[in-house]
Amino acid sequence: MKDLYSLTAEGTEFENFCGGNLGGEHETCVEVGAIPGSATAFAVRDNKPAGAGIELRFTDAELNDFAVGWVKKQGLAL
C-alpha cells in the first residue's frame, strides 16, 4: 500500500458534513475530500480553528469499513 501521507493534498476539494452547528457557524463539521491523482485516497479533517491544517488520510476501503461499523454501532439506518 502506498503511503497516503506522501501524496500532496493540494487541490483537494472538501465536502462538509455538519451536525447541528452548536458551536457557531460550521463549527461542527467534518470535511472529507478525494486526494487528487488517486482513485482511492481521501483526507478527513475537522473544520474547527483548533484543528486547522490537521488531517487524517484513509483509503476508500478504510472509510467504508469505518462508516459501516459506525452505522451499526450507533443503530442507525440508511
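Please read these numbers as outputs of a predicted model, since none were measured by experiment.

Undergrad: So what's going on with the environment of arginine 57? Which residues, and what values?
TA: Following the sequence through the fold, arginine 57 ends up in strand E4 (residues 55-59). In this structure the C-alpha to C-alpha distance between arginine 57 and valine 44, which are 13 residues apart in sequence, comes to 6.2 Å. Not counting residues within four places of it along the chain, the set of residues in contact with arginine 57 comprises Leu4, Tyr5, Leu7, Thr8, Ala9, Ile35, Phe42, Ala43 and Glu62.

Undergrad: So what about the state of the cysteines? Which residues, and what values?
TA: Inspection of the entire model under this criterion finds one disulfide. Put simply, cysteine 18 and cysteine 29 are joined by a disulfide, and their sulfur atoms are 1.9 Å apart. Judged by the sign of its S-S torsion, about 95°, the cystine formed by cysteine 18 and cysteine 29 is right-handed. Placement of cysteine 18 in strand E1 (residues 15-18) and of cysteine 29 in strand E2 (residues 29-34) is noted, with a sequence separation of eleven residues between them.

Undergrad: Break down the nonpolar core for me, with residues and values.
TA: Judged by nonpolar contacts, Leu4, Leu7, Ile35, Ala41 and Ala43 together constitute the single largest core of five residues. If near-sequence neighbours (up to four positions away) are discounted, leucine 4 is found in contact with Ala41, Arg57, Phe58, Thr59 and Glu62.

Undergrad: Account for the packing of aromatic side chains, with residues named and values stated.
TA: This structure, assessed with the given rule, holds one aromatic pair. Centroid distance phenylalanine 66 to tryptophan 70: 6.1 Å. Interplanar angle 25°. Geometry classified as stacked. Residue phenylalanine 66 and its partner tryptophan 70 are located together in helix H1 (residues 60-74), separated by four residues, close to a single helical turn. Classification of phenylalanine 66 as exposed rests on a relative accessible area of 52%. Residue tryptophan 70 is classed as partly exposed on the basis of its relative accessible area, which comes to 43%. Its end group placed over the ring of phenylalanine 14, arginine 45 keeps NZ or CZ at 3.6 Å from the ring centre.

The rules we used
Residues numbered from 1 in each chain as written. Predicted model: local features only at pLDDT ≥ 70, side-chain atom pairs only at ≥ 80, totals over all residues. Heavy atoms only, no water. Helix = DSSP H or I, 4+ residues; strand = E, 2+ residues; numbered from the N terminus. Contact = heavy atoms within 4.5 Å. Disulfide = S-S within 2.5 Å. Core = buried A, V, L, I, M, F, W, Y, C linked by side-chain atoms within 4.5 Å. Buried < 20%, exposed > 50% of the residue type's maximum accessible area, 1.4 Å probe, protein only. Phe/Tyr/Trp six-rings, centres within 6.5 Å; stacked < 30°, edge-to-face > 60°. Lys NZ or Arg CZ within 6 Å of the ring centre and 35° of its normal.

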